[in-house]
Amino acid sequence: MKASEIYQAIDEMAPFSVHASYDNPGFLIGDQNAEVTKVLLALDITVPVVQEAAQLGAELIVSHHPVIFHPIRQLLAGSVCYELAQSGISAICAHTNLDVAHEGVKAGVDTLVTGDAKYHMFLQAAECGLNLIDAGHFATENGIVPALAKRLKERFDQVEFVVSSVHRDIVESV
């Protein structure tokens, strides 16, 4: 199985062409022609996630949030992009295109659950007759990771898809 085939499957589920203008989804790092036998899925690609992928022998990481969001000004050892390239691990990121896809991330409801609400948004929601719940960015989006893993497993039975066990919410409440 080539990495490009997994990219195509994600593109069919959540077309990369349908993303927000500020976003950077797609095949962001690696070799699209690389053979893939194991894929790690995570909400974000962090150094611990790259290390987990390397330990598992995964050739590809699929994440929700783009590993490259702003232009890279330097590529140093210890950075996520460097570690991916050094390990020979490719990265496909499906962000706002996955948000708006059928069975993607929460439209057409009377309650909006988000992870990024400011106080004025609660006031605006009340004026519109909407319920607004700020449940945290990680918690509100991480559910798409196992769902995407399930859909990819159904399509590619010869590839092992693993949901990251080291990725976690970096926001802690006190």
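These numbers come from a predicted model, not from an experiment.

S.K.: Got a sec to walk through the overall build of the chain? Specific residues and values, please.
M.R.: When its secondary structure is counted, the chain shows seven helices and seven strands. Moving toward the C terminus, one meets the helices and strands of the chain in the order α-β-β-α-β-α-β-α-β-α-β-α-α-β. Over its C-alpha atoms the chain spans a radius of gyration of 17 Å, differing by no more than 12% from the 16 Å that the globule rule assigns to 174 residues. In the chain, which comprises 174 residues, the share counted as buried stands at 41%. Of the roughly 9,800 Å² of accessible surface on the chain, a fraction of 53% belongs to carbon and sulfur atoms. Counting 10 positive and 22 negative side-chain charges, the chain places the centres of these two groups 2 Å from one another.

S.K.: So what's going on with the sheet that holds strand β1 (residues 26–29)? Which residues, and what values?
M.R.: Paired through their backbone hydrogen bonds, the strands of a sheet run either parallel or antiparallel. An order of β1-β4-β3-β2-β7 is seen for the five strands of this open sheet, with the pairing classed as mixed. Only two strands of the sheet have a single neighbouring strand rather than two, namely β1 and β7 (160–163). Taking the axes of each pair of neighbouring strands and ignoring which way they run, one obtains an average angle of 25° across the sheet. Here helix α1 (residues 3–13) sits on the sheet in contact with β1, β2 (38–42), β3 (60–63), β4 (90–93) and β7, set at roughly 5° to β4.

S.K.: Before we move on, can you summarise the environment of isoleucine 92 with the specific residues and values?
M.R.: The residue isoleucine 92 is located in strand β4 in this model. Overall, isoleucine 92 belongs to the buried group, its relative accessible area being 0%. Separated by 45 residues in sequence, isoleucine 92 and valine 47 place their C-alpha atoms 16 Å apart. Among residues more than four places away in sequence, those in contact with isoleucine 92 are Ala3, Ile6, Tyr7, Ile10, Phe16, Gly26, Phe27, Leu60, Ile61, Val62 and Ser63.

S.K.: Residues and numbers for helix α7 (residues 144–155), please.
M.R.: With 12 residues, α7 should reach 16 Å at 1.5 Å per residue; the first-to-last C-alpha distance of 17 Å fits that figure. Regarding α7, the residues found buried are Ile144, Val145, Leu148, Ala149 and Leu152. Summarising the axial view, the buried residues of α7 lie within an arc of 135°, below the 170-degree limit, and thus occupy one face. In α7, the exposed residues that point more than 90 degrees away from the buried face are Lys150 and Glu154. On its buried side, α7 packs onto α1, β2, β3, α4 (96–99), α6 (137–141) and β7.

S.K.: Account for the environment of valine 47, with residues named and values stated.
M.R.: With respect to the helices, strands and loops of the structure, valine 47 is situated in helix α2 (residues 47–56). Valine 47 sits in the partly exposed class, given a relative accessible area of 23%. Remark: the alpha-carbon pair of valine 47 and glycine 78, spanning 31 residues in sequence, is separated by 7.5 Å. Not counting residues within four places of it along the chain, the set of residues in contact with valine 47 comprises Gly78, Ser79 and Val80.

S.K.: Lay out the packing of α1 against α7 in plain terms, naming residues and giving numbers.
M.R.: With their axes 11 Å apart at the nearest point, α1 and α7 run at an angle of 120° to one another. Compared by their axis directions, α1 and α7 come out oblique. The way α1 lies across α7 gives a crossing that is right-handed. Facing α1, whose interface residues are Ile6, Ala9, Ile10, Glu12 and Met13, α7 presents Leu148, Arg151, Leu152 and Arg155. Along the lines of polarity and charge, the residues of the contact of α1 with α7 split into six nonpolar, no polar and three charged.

Rules and cut-offs
Per-chain numbering applies: the sequence of each chain, read as written, is numbered from 1 onward. Local features in a predicted model are, by the rule used here, given only for residues with pLDDT of at least 70; side-chain atom pairs are given and counted only at 80 or more, and totals for whole chains, interfaces and linings are based on all residues. Note: side-chain values were computed over all heavy atoms of the structure, leaving out hydrogens and water. Only runs of H or I of at least four residues qualify as helices and only runs of E of at least two qualify as strands under DSSP, and these elements are numbered from the N terminus. For this measure, only C-alpha atoms enter the radius of gyration; the expected value for a globule follows 2.2 Å times N^0.38, where N is the number of residues. Note on exposure labels: buried denotes an accessible area under 20% of the residue type's maximum, exposed denotes more than 50%, and partly exposed covers the range between, all computed with a 1.4 Å probe on protein chains only. All accessibility values rest on the Shrake-Rupley procedure with a 1.4 Å probe; residue burial counts only the protein chains present in the view. Neither His nor the chain termini are counted; the positive set is Lys and Arg, and the negative set is Asp and Glu. A single reference atom marks each charge: NZ on Lys, CZ on Arg, CG on Asp, CD on Glu. Pairing between strands requires that DSSP locate at least two bridges from one strand to the other. A fitted line through C-alpha atoms represents every axis, and for helices the fit uses only the stretch in contact; the resulting angles, taken between N-to-C directions, go from 0 to 180 degrees. Should any heavy atoms of two residues lie within 4.5 Å, those residues are considered in contact. Multiplying 1.5 Å by the residue count of a helix minus one yields the expected span of that helix. Note: the arc covers the axis-to-C-beta directions of the helix. Angle categories: roughly parallel below 35 degrees, roughly antiparallel above 145, roughly perpendicular from 65 to 115, and oblique for all the rest. A clockwise turn of the near helix away from the far one marks a right-handed crossing, whereas an anticlockwise turn of less than a right angle marks a left-handed crossing. Ten residue types, Ala, Val, Leu, Ile, Met, Phe, Trp, Tyr, Cys and Pro, are classed as nonpolar, four, Asp, Glu, Lys and Arg, as charged, and the remainder, Gly among them, as polar.

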